[in-house]
Amino acid sequence: MVATAQAPVPPATGALAIELADVTKTYAGKVQALRGVEMHVRRGEIFGLLGPNGAGKSTLVKIMTTIVRATTARGTILGAPVGHRPTLARVGYLPEHHRFPQYLTGRQCVEFFGAMNLLRRAARRARTEEMLEVVGMRAWADRRVGTYSKGMQQRTGLAAALVNDPELVILDEPTDGVDPVGRSEIRDLLLRMRDEGRTVFLNSHLLGEVELVCDRVAIMLKGRVEVQGTLAELTQASRRWRVAFEGAPPASIAGFGRALPLPGGLRHAVELADGELARVQALIDLLRAEGCAIVGVSETRESLEELFLRLVRDVDGRAAAVGAANINNTMREAR
Amino acid sequence: MRIDHAPRSGLAFADLSVQTWAMLVAAYRELNARRLFWVALALNVLVILVIAAVGIDEEGISVLGYDLQIPGITSKLFPPADFYKLMIENLGVGIWLAWLSTILALLSTSSMFPDLASGGVDTMLSKPIGRARLFLTTFACGLLFSTLQVLSFSLMAFLLLGIRAGAWEPGVFVAVPLVAALFSYLFCVQAVVGFITRSAVASVIVTLLFWILVFVIDLGESITLFQRTASRIEREMVQARMDTMKGDAGRESAQKLLTEADVRLERWALANDIALGIKTFLPKTSETAQLTRRALAISAGIGQPADGEQEMRVDENGILQRTRANRRRVEAEVRKELDKRTVTWVVGSSLAFEAVVLAVGLAYFRRRDY
């Protein structure tokens, strides 16, 4: 069941890199990890999948890459049915807790995964060198993976995921263990991949990161996609006008809403719902009449973090429903 | 550089060979990174040097040129070619390759399947390779250790036989598939246990215990076969004695001995049939190693009764006397019995066991989520 913000009509199948419907997964012991996921990812976009721990994100990603077998699943990946193995040659995947063969050098490791993705020798070698250069690992390519730091392993993993020149790149926490400079480089790489026409599917806890690069996002809660769409679509309902002014809030503006104090002095702000432009003008006039100085009028909307938190808490009306500890951890990481 | 991804409905042979070759190369690199592989290879050389250090001529046996003064053992009794073949079969294959090298190979490959199950499986499964092929190719990669070891040993043994005894015997290379098969019987157990438990230690322990079980059953079968053969010979001799009796004198007691011999034979035959029945379903590690003896064609009187020892005797109770001649004759008969067991039975039934174990592992792998 998908509850998109404005229930947009999904694009035609040919324009979709991932089209999933009725994806369920029940593990042994009747643990329902997925309860009917529906998801559409367009070709050539960066799509972010969010959700607290235990929401089913990893299970969904693993179903797409045939690591986990769905209980039920309909849909396609790059136009082929979910689970169609030869299509995986066109997919690049970086798992979250990958462990590459420690006895291989970085170069050998990337080449090995090129071969596993059916690349012939010449193409494999050329792509390996290219990808090592892209992720900044060429200088260390002849050292064994076992000697790499976490960040270096992650970069090597990215090179291995991209060595087959994939049309769809699925990245599970790609910046895990990477320093801030490395994170920025990886973000640039994601944008570059999109510019090259690839579809990037990003599974991440880092909301800020997702917000920076993703064209569209989906938020999963308790085994379902709760919402999906562009950030603008998802936060449309939360769009508000904020009128900031300097001075003590006059009693006459009570009808417009509560004046919220702003940090750093005597400034306050009143927020009005989207579509109340006439009331905004009226409020400004009233404040001026009361001698308050207008310092700003802006359009505000929920951040991804606020949206995420609200949805998580809305699911059962309490955070505990999806694991308060998990949510708090997720938010901490996001910050 | 852009790759042309033509949509595929299936995988072509060329695709499969690219993946298989990559996995084999990676397995070789893994072995190369392990010291145990090189230690085993060095021990291979040492075993061959030890065999090469022993010489035999008309005077007797020598080690590094020093005569050992062992009476009777000369090149007249053992032609040099047979002498070295015997050493290669017993010391090289029987002890080194079939036991010590196999244990080193098991230790060295013990982490392959636990590693696949715990660390690398999701990365591998996200590639266009089926679970069955991934599992079986990883298994084949595990055989690489043993195969490379026995190949190097066989090559050195071939050169040793040619240089030291003038016998260029390509039969030594039969040890390569045989020892690889022997290792594979055990490795399949280790692979499946390692894959399920994800523990290299557990897989090695279970495999060694299983090997001991196989050894005990094989030993039991050997003992019962020996006793069965001895009982048969006893019965034949009592029968022969009865046939030569004239008149009724002593016939009654002979008949009693014959009946007793029949009971003994029946008892040992039953025990042997049971042991053989159990053994049929298990891998035949010892017999597989012994198949190299057939390939090396060691037949020049080794293990046969010496001249003057042909006559066998039973005591007054119809039991074979514990003489060297009797024992050798029974051993020769047992060997004949064992030689009747075809390569197809020895290797085929062992490979059938292996196939069943791998099928269990495969069924587990195919059903499991990671």
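Small disclaimer: the values here were computed from a predicted structure and weren't measured.

Thresholds applied
- Residues numbered from 1 in each chain as written.
- Chains lettered and ligands numbered in written order.
- Predicted model: local features only at pLDDT ≥ 70, side-chain atom pairs only at ≥ 80, totals over all residues.
- Heavy atoms only, no water.
- pLDDT = per-residue confidence, 0-100.
- Helix = DSSP H or I, 4+ residues; strand = E, 2+ residues; numbered from the N terminus.
- Contact = heavy atoms within 4.5 Å.
- Patch = residues over 30% accessible without salt bridge, like charges linked within 9 Å, V, L, I, M, F, W, Y side chains within 5 Å.
- Areas by Shrake-Rupley, 256 points an atom, 1.4 Å probe, with all protein chains shown as cover.
- Salt bridge = Lys/Arg side-chain N within 4 Å of Asp/Glu carboxyl O.
- Lys, Arg positive; Asp, Glu negative; His and termini not counted.
- Charge placed at Lys NZ, Arg CZ, Asp CG, Glu CD.
- Pairing = 2+ DSSP bridges.
- Axes fitted to C-alpha atoms, helices over the stretch in contact; angles between N-to-C directions.
- Buried area = accessible area lost by both parts, 1.4 Å probe.
- Core = buried A, V, L, I, M, F, W, Y, C linked by side-chain atoms within 4.5 Å.
- Buried < 20%, exposed > 50% of the residue type's maximum accessible area, 1.4 Å probe, protein only.
- Phe/Tyr/Trp six-rings, centres within 6.5 Å; stacked < 30°, edge-to-face > 60°.
- Disulfide = S-S within 2.5 Å.
- 1 Å grid on protein atoms, 1.4 Å probe; cavity = no way out; pocket = protein on both sides within 12 Å on 5 of 7 lines; lining within 4 Å.
- Points joined across faces, edges and corners; volume = space filled by probe spheres on them.
- Nonpolar A, V, L, I, M, F, W, Y, C, P; charged D, E, K, R; others polar.

## What to know about the confidence of the model for chain A
All names here are of chain A.
Then, in step 1: For chain A, the average pLDDT comes to 87, and 90% of its residues sit at 70 or higher.
Then, in step 2: Taken element by element, the predicted model of chain A shows its lowest mean pLDDT in helix α10 (residues 324–334) (46) and its highest in helix α2 (residues 106–116) (96).
Then, in step 3: Low confidence marks residues 1–7, where pLDDT is under 50. Its contacts with residues over four positions away, or in another chain, come to 15 contacts.
Then, in step 4: Counting contacts from residues 319–328, a segment whose pLDDT is below 50, to residues more than four positions away or on other chains yields 13 contacts.

## Describing a negative patch on the surface
Then, in step 1: Residues B:D57, B:E58, B:E59 and B:D67 make up a contiguous surface patch of negative charge.
Then, in step 2: With respect to the helices and strands, the residue B:E58 is situated in the loop between β1 (54–56) and β2 (61–63).

## Notes on the pairing of strand β11 (residues 240–246) of chain A
Residues and elements named next belong to chain A.
Then, in step 1: Bridge analysis of β11 against strand β13 (residues 267–273) gives seven bridges, and the strand direction is antiparallel. By the bridge assignment for β13, W241 is matched with L272.
Then, in step 2: Here β11 runs beside strand β14 (residues 293–300); their pairing, made up of seven bridges, is antiparallel. Within the sheet, the bridge partner assigned to R240 lies in β14 and is T300.

## What about the sheet that holds strand β8 (residues 199–203) of chain A?
Residues and elements named next belong to chain A.
Then, in step 1: Strand order across the open sheet formed by six strands is β6-β7-β8-β3-β9-β10, with mixed pairing between neighbours. The open sheet terminates on both sides in strands that have one partner only, identified here as β6 (91–94) and β10 (224–230). Here the strands of the sheet are splayed against their neighbours by 15 degrees on average, with no regard to which way each runs.
Then, in step 2: With four bridges connecting them, strand β3 (residues 46–50) and strand β9 (residues 216–221) associate as parallel partners.

## Some details on the side chain of B:S154
Then, in step 1: With respect to the helices and strands, the residue B:S154 is situated in helix α5 (residues 131–165).
Then, in step 2: With sequence-adjacent residues up to four places away left out, B:S154 is seen in contact with B:V172, B:F173, B:A175 and B:V176.

## Remarks on the interface of chain B and chain A
Then, in step 1: In this complex, chain B contributes 38 residues to the contact, which on the side of chain A involves 42 residues.
Then, in step 2: Contact with chain A buries surface across chain B, with B:M1, B:H5 and B:K127 losing the most and accounting together for 18% of the total.
Then, in step 3: Counting across the chain B and chain A interface gives four salt bridges.
Then, in step 4: For the side of chain B that touches chain A, the elements supplying multiple residues, two or more each, are α1 (13–33), α4 (112–125) and α11 (343–367) of chain B.

## Thoughts on the nonpolar core
Then, in step 1: Within the largest apolar cluster, 151 residues are counted, with the highest numbers of intra-cluster contacts made by A:M39 and A:F201.
Then, in step 2: Leaving out residues up to four positions away in the same chain, A:M39 has contacts with A:I18, A:E19, A:L20, A:F47, A:L49, A:L60, A:F201, A:A218, A:V225 and A:Q228.

## With respect to the sheet that holds β14(A)
All names here are of chain A.
Then, in step 1: Pairing is antiparallel across the open sheet formed by four strands, whose spatial order is β12-β13-β11-β14. Each of the sheet's edge strands pairs with one partner strand only, and the pair in question is β12 (260–261) and β14.
Then, in step 2: Sheet topology places β12 next to β13; two bridges connect them, and they run antiparallel. Paired with L260 across the strands is A269, a residue of β13.
Then, in step 3: Helix α8 (residues 277–289) contacts β11, β13 and β14 of the sheet and is inclined by roughly 5 degrees relative to β11.

## Quick notes on the packing of aromatic side chains
Then, in step 1: Considering all chains together, one arrives at 22 aromatic pairs over all chains under this definition.
Then, in step 2: Where A:F112 meets A:F113, the ring centres are 5.1 Å apart and the plane angle is 70 degrees; that geometry is what we call edge-to-face.
Then, in step 3: Judged by its relative accessible area of 3%, A:F113 is buried.
Then, in step 4: Ring geometry for B:F37 against B:F145: centres 5.4 Å apart, planes inclined by 75 degrees, an arrangement best described as edge-to-face.

## As for the state of the cysteines
Then, in step 1: Counting across every chain of the model gives zero disulfides over all chains.
Then, in step 2: Sulfur of B:C188: no disulfide; nearest cysteine sulfur belongs to B:C141 and is 16 Å away.

## Topic: the layout of surface pockets
Then, in step 1: Taken as a whole, the second largest pocket spans an internal volume of roughly 470 Å³.
Then, in step 2: Surrounding the second largest pocket, 23 residues form its lining, A:P101, A:Y103, B:E30, B:M112 and B:D115 being those nearest its centre.
Then, in step 3: Looking at the lining of the second largest pocket, the elements with two or more residues in it are α2 of chain A together with α1, α4 and α5 of chain B.
Then, in step 4: Of the residues contributing to the lining of the second largest pocket, the split by class is 13 nonpolar, six polar and four charged.

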